[in-house]
Amino acid sequence: MASYNMNQVRTGLKVLENGEPNVIISCDFIKPGKGQAFTRVKMRNLLNGRVNEKTYKPGDLLEGADVIETSMQYLYADGEHWFFMNPDTYDQVEADAAALGGAEQWIKEEDVCNVTLWNGHPILVAAPNFVTREVVETDPGLKGDTSSGGSKPARLETGAVVKVPLFIQTGESIRVDTRTGEYVSRGKT
Amino acid sequence: MTGDAAEWRPTAGPTALQRRAAMLARLRAFFAEREVLEVETPLLSAETTLDLHLEPLSSTVDAPGIAGRRMYLQTSPELAMKRLLAAGSGSIYQVCKAFRGGERGRWHNPEFTILEWYRVGWDVHRLMKEVAALIETLLAGSRRLEPAAYVSYADLMRRHAGIDPHEASTQALRRAVADGPSPVDTSGLDRDDLLSRLFGERVEPEFAPDRVTVVFDYPASQAAMAQLNASDPSTAERFEAYVGDIELANGYGELRDATEQRQRLERDLASRRGTGRPLPPTPSRFLAALESGLPPCAGVALGFDRLLGLELGAGSIDELIPFPVERA
């Protein structure tokens, strides 16, 4: 991969730091009128989400990380790995639980997910922002309660437990925001 | 920032342009009242700074009588203004453009507006007070500043970085920089680089936002063009003025000893050579002016755009100049 000097670093660039892929989230040029210039760089580690800050001299180089984000179709899971396919090339990759990081409780076969690949291996899988899923288990609601007041937990076919209004019944589909884990509406039937 | 259809548009709005014009008028009134003469010197000159941390931009000029002369856009008007002082101009000021290659960031643009002035017969402490007065006067319409604070470089470094800048070993400075909240690989950094980094990281953020802070008695190794303190040659008659953590001005009790000045320039040239940097010629007209005699004086340069930024509460230099380098 290419190296980047301090005139080339910018927000969004993917670089290696201590051998791990990071994305640059800010860089500030610091230069006293009389004195050495520095660049202060904040980056987020793509493997663990931690934000680190380091300061670089003008001659320092950052090594680029081969990181791409791409849309891939979820195929199936074998209990240990989740398999995704590039819809253009039919190439398949397998992601582990760390890469899924909770996305596994939302996704269903044929969902198109945003997958981050590092050297061709998935390190981050994001479920679609909104999914429509069937409720497989929830307490029966009170008769006649159609809209307001109170909520109850409901288990979805993919495993997630979501707070839903009391009128939602087992067997219904609901639309959920996977980023917040919140119920949005009744799904299309 | 490239390929944007809106790139012809200024990044600074009409308010910034109006306030800039008004501040320039107040600035000229300030100096007129004090009988300091406004002057103009060349932006493009055959002589330039040799400062290791400044990168002059250059051009080749071909004109009748001047065949292929390498000339430099000034990094500040210091050399030419000192030639005027040596020729007997008396106290002078200039507000003009200065150019520094390699500098671009929130508060940096390679081309910016600088205010520089010299007070003949003044000592550095008197000029420090005038710098605070100028900043307070020009900002009076927009913010109420507490009385200026004057504090020595060493006091600040001891208080906020726990380091005695004159006594601490280079090893200790290296450790302090490497262990800071935003660590740096310190290889290739010399003692002054380390001190400068500690000052920027530990001291500057502590400055009160609502007053001018004047820092004086910089280490002799960072004297630049300041004379050394007669009573303590480990420090120089150099100061800087801040509002909050924004560095606004850098001033000196000016070095008048031509021999000492020549030695410093030769040291700078050797450092530039050692790091493979461009080597501008030794500024011989400037040195000749010093040899003929610079009157005792104190001088200072101030970043005018940043001062305007404080008036407007701006978050970057791009809000203050219509066409930053990417759109120039």
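Residues numbered from 1 in each chain as written. Chains lettered and ligands numbered in written order. Predicted model: local features only at pLDDT ≥ 70, side-chain atom pairs only at ≥ 80, totals over all residues.

## Considering the overall build of chain B
From N to C terminus, chain B includes 9 helices and 11 strands. Taking 328 residues into account, the globule formula puts the C-alpha radius of gyration at 20 Å, and chain B, at 20 Å, falls close to it. Along the first, second and third principal axes, the C-alpha set of chain B runs to 50 × 45 × 45 Å. Across the 328 residues in chain B, those meeting the buried criterion constitute 40%. (Helix = DSSP H or I, 4+ residues; strand = E, 2+ residues; numbered from the N terminus. Rg over C-alpha atoms; globule rule 2.2 N^0.38 Å. Buried ≥ 20, exposed ≤ 12 C-beta atoms within 10 Å, placed from the backbone.)

## Some words on the sheet that holds strand β8 (residues 82-85) of chain A
Residues and elements named next belong to chain A. In spatial order, the strands read β9-β8-β7-β10-β11; together these 5 strands make up an open sheet with antiparallel pairing. Looking at strand neighbours, the two that pair on one side only are β9 (92-95) and β11 (121-126), the edges of this open sheet. The average angle at which neighbouring strand axes cross in this sheet is 45°, direction not considered. Two strands pair when backbone bridges link them, and strand β7 (residues 67-77) and strand β10 (residues 112-118) are joined in this way by 7 bridges, in the antiparallel orientation. Bridge assignment links Met72 to a residue of β10, and that residue is Cys113. (Pairing = 2+ DSSP bridges. Axes fitted to C-alpha atoms, helices over the stretch in contact; angles between N-to-C directions.)

## Let's talk about the interface of chain A and chain B
Taken together, the contact between chain A and chain B spans 18 residues of the former and 20 residues of the latter. Among the elements of the structure, β3 (20-30), β4 (38-45) and β5 (51-56) of chain A are those that each provide at least two residues to the side of chain A that touches chain B. Taken together, the residues of the side of chain A that touches chain B sort by class into 5 nonpolar, 5 polar and 8 charged. (Contact = placed C-beta atoms within 7 Å. Nonpolar A, V, L, I, M, F, W, Y, C, P; charged D, E, K, R; others polar.)

## Details of the nonpolar core
A general feature of soluble globular proteins is that nonpolar side chains tend to end up buried together. The biggest cluster of nonpolar side chains holds 85 residues, and the ones touching the most others in it are Val131, Ile135, Leu198, Val214 and Ala241 of chain B. Excluding residues that lie within four positions of it along the chain, Ala241 of chain B makes contacts with Val131, Ala132, Ile135, Val212, Val214, Leu248 and Ala249 of chain B. Ranked by size, the runner-up nonpolar core spans 25 residues in total, among them Tyr74, Ala95, Ile174 and Val176 of chain A. (Core = buried A, V, L, I, M, F, W, Y, C linked by C-beta atoms within 7 Å.)

## A closer look at the packing of helix α1 (residues 14-33) of chain B against helix α9 (residues 304-312) of chain B
Residue and element names in this part refer to chain B. Their axes nearest at 10 Å, the elements α1 and α9 cross at an angle of 115°. The crossing of α1 and α9 is right-handed. Of the residues in α9, those touching α1 at Ala16, Arg19, Arg20 and Met23 are Leu308, Glu311 and Leu312. Of the residues assigned to the contact of α1 with α9, the class counts are 4 nonpolar, no polar and 3 charged. (Left-handed = near helix turned anticlockwise from the far one by under 90°.)

## Description of the sheet that holds strand β13 (residues 151-156) of chain A
All names here are of chain A. If you walk across this open sheet you meet the 5 strands as β14-β13-β12-β15-β16, and the pairing is antiparallel. Whereas interior strands pair on both sides, the edge strands pair on one side only; in this sheet they are β14 (161-165) and β16 (182-186). With strand direction ignored, the average angle separating the axes of adjacent strands in the sheet is 55°.

## Looking at the environment of Phe130 of chain A
All names here are of chain A. Looking at the element boundaries, Phe130 is found in strand β12 (residues 130-138). Its 14 C-beta neighbours within 10 Å are what place Phe130 among the partly exposed residues. Residues Phe130 and Val9, 121 residues apart in the sequence, show an inter-C-alpha distance of 34 Å. Once you skip the residues sitting within four places of it in the chain, Phe130 turns out to touch Arg175, Val176, Asp177 and Val184.

## As for helix α6 (residues 191-203) of chain B
Side chains of residues three or four places apart in an α-helix project in the same direction, reflecting 3.6 residues per turn. With 13 residues, α6 of chain B ought to run about 18 Å at 1.5 Å a step, and its terminal C-alpha atoms sit 17 Å apart, in line with that. Residues Asp193, Leu194, Leu195, Ser196, Arg197, Leu198, Phe199, Gly200, Glu201, Arg202 and Val203 of chain B constitute the buried set of α6 of chain B. Along its buried surface, α6 of chain B packs onto β3 and β4 of chain A together with α4 (153-161), α5 (170-178) and β8 (211-219) of chain B. (Expected span 1.5 Å × (residues − 1).)

## Description of the domain arrangement of chain A
Residue and element names in this part refer to chain A. Parsing chain A into structural domains produces domain 1 (3-64), domain 2 (67-126) and domain 3 (130-186). The distance between the C-alpha centroids of domain 2 and domain 3 comes to 26 Å. Listed per partner, the contact involves 5 residues of domain 2 and 5 residues of domain 3. (Domains from an automatic or database assignment.)

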